[in-house]
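Listed below, chain by chain, are the residues.
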Amino acid sequence: PGDGSTTAILAILRAYKVKGTFFIVGDRAKANRRYVDAMLAEKHLVGTQGMRGDDLTALSKADMAASIGNSARLVADAIEGLHAVPGPQMRVLRPPQGRCSQALLDVTRALGYTVVLWSVDGVSARGKWPEQPVQRICAEVKGGSIIRLSDSVETTRMLARLLDRLLESGYE
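None of the values given here were measured: they were computed from a predicted structure. (Residues numbered from 1 in each chain as written. Predicted model: local features only at pLDDT ≥ 70, side-chain atom pairs only at ≥ 80, totals over all residues. Heavy atoms only, no water.)

### Looking at the overall build of the protein chain
Thought 1: The helix and strand inventory of the protein chain stands at seven helices and six strands.
Thought 2: Counting from the amino terminus, helix and strand elements in the protein chain follow one another as α-β-α-α-β-α-β-α-β-β-α-β-α.
Thought 3: When the 172 residues of the protein chain are sorted by exposure, 40% land in the buried category.
Thought 4: Considering only intrachain contacts with a sequence separation of at least 6, the fraction spanning at least 24 residues in the protein chain is 67%.
Thought 5: Summed over its atoms, the accessible surface of the protein chain is roughly 9200 Å², and 51% of this surface lies on carbon and sulfur atoms. (Helix = DSSP H or I, 4+ residues; strand = E, 2+ residues; numbered from the N terminus. Buried < 20%, exposed > 50% of the residue type's maximum accessible area, 1.4 Å probe, protein only. Contact = heavy atoms within 4.5 Å. Areas by Shrake-Rupley, 256 points an atom, 1.4 Å probe, with all protein chains shown as cover.)

Shown next as structure tokens:
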């Protein structure tokens, strides 16, 4: 999270009464605690991408566990600092770049995490912004789809249009 994109994305989601899942890189959580607080206050789910957003599959199992655990602690500490109450436990992980391995699945299972990937990649959507990426995403969406978007200016440019289209198509 950070700067204007996060604020804009949260405002759009709020206006449409839509909840999202935000996967936070641990070392950014402390510096951006107000965004994490806003996500949770608005009842969005907050998960982790590990400590630095690095390829977790390149790490040993011990280092994978440390990266995931340290990230969750930093987010929980940021929340506790704001509210003086224990923060929620993050129990979902989106591996950076979607890279997953059996070792990572073993570690996440042992830590009580669920690995979440996406079925529609809005980050890689190409074309004239914002209409062509919205068309491509909508063409790929079906019931139960998970759309990956990023905390970016591009997402803020297309998010309202994307939500309009999805809601018109009957998605909630």
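Back to the write-up after that little detour.
### Observations regarding the pattern of salt bridges
Thought 1: Counted under the stated rule, the structure contains eight salt bridges.
Thought 2: The shortest N-O distance in the salt bridge between Glu42 and Arg14 comes to 2.9 Å. Of this pair, Glu42 sits in the loop between helix H3 (33-41) and strand E2 (45-48) while Arg14 sits in helix H1 (residues 3-16), placing them 28 residues apart in sequence.
Thought 3: For Glu42, a relative accessible area of 18% gives the class buried.
Thought 4: Note that Arg148 is salt-bridged to Asp121, the shortest N-O span being 3.0 Å. Taken together, the residues Arg148 in strand E6 (residues 147-148) and Asp121 in strand E5 (residues 120-121) connect sequence positions 27 residues apart. With respect to class, Arg148 is no different from Asp121; both count as buried. (Salt bridge = Lys/Arg side-chain N within 4 Å of Asp/Glu carboxyl O.)

### A look at the nonpolar core
Thought 1: Counting residues in each nonpolar core, the largest one holds 24 residues, and the members touching the most others are Leu13, Phe22, Ile24, Met39, Ile68 and Val75.
Thought 2: If you look at the next biggest cluster of nonpolar residues, it comprises eight residues, including Val120, Ala125, Ile137 and Leu162. (Core = buried A, V, L, I, M, F, W, Y, C linked by side-chain atoms within 4.5 Å.)

### Comments concerning the side chain of Thr108
Thought 1: Here Thr108 lies in helix H5 (residues 102-111).
Thought 2: On the accessibility criterion, Thr108 (2% relative accessible area) is buried.
Thought 3: Residue contacts for Thr108: discarding those within four places in its chain leaves Ile68, Leu93, Tyr113 and Val115.

### Considerations on the packing of aromatic side chains
What describes a pair of aromatic rings is the distance from one ring centre to the other and the angle between the planes of the rings.
Thought 1: Evaluated as defined, the whole model comprises zero aromatic pairs.
Thought 2: One cation-aromatic arrangement involves Arg148 over Trp118; the distance from NZ or CZ to the ring centre is 4.1 Å. (Phe/Tyr/Trp six-rings, centres within 6.5 Å; stacked < 30°, edge-to-face > 60°. Lys NZ or Arg CZ within 6 Å of the ring centre and 35° of its normal.)

### A few points about unusual backbone geometry
Thought 1: Although it is not a glycine, Lys17 adopts a positive phi angle of roughly 55 degrees.
Thought 2: Locating Lys17 in the fold gives a position in the loop between H1 and strand E1 (21-24).
Thought 3: Even without a glycine there, the phi angle at Gln97 is positive, about 60 degrees.
Thought 4: Take Gln97: it is sitting in the loop between strand E3 (92-93) and H5.

### Overview of helix H7 (residues 153-168)
Thought 1: An ideal rise of 1.5 Å per residue puts 22 Å on 16 residues; H7 measures up with 24 Å between its terminal C-alpha atoms.
Thought 2: Leu159 marks the point of greatest bend in H7, at about 40 degrees.
Thought 3: Along H7, the positions that sit buried rather than exposed are Thr155, Met158, Leu159, Leu162, Leu163 and Leu166.
Thought 4: Just beyond H7, the residue with positive phi is Gly170, at close to 100 degrees. (Expected span 1.5 Å × (residues − 1). Bend = angle between axes of the 7 residues up to and from the residue.)

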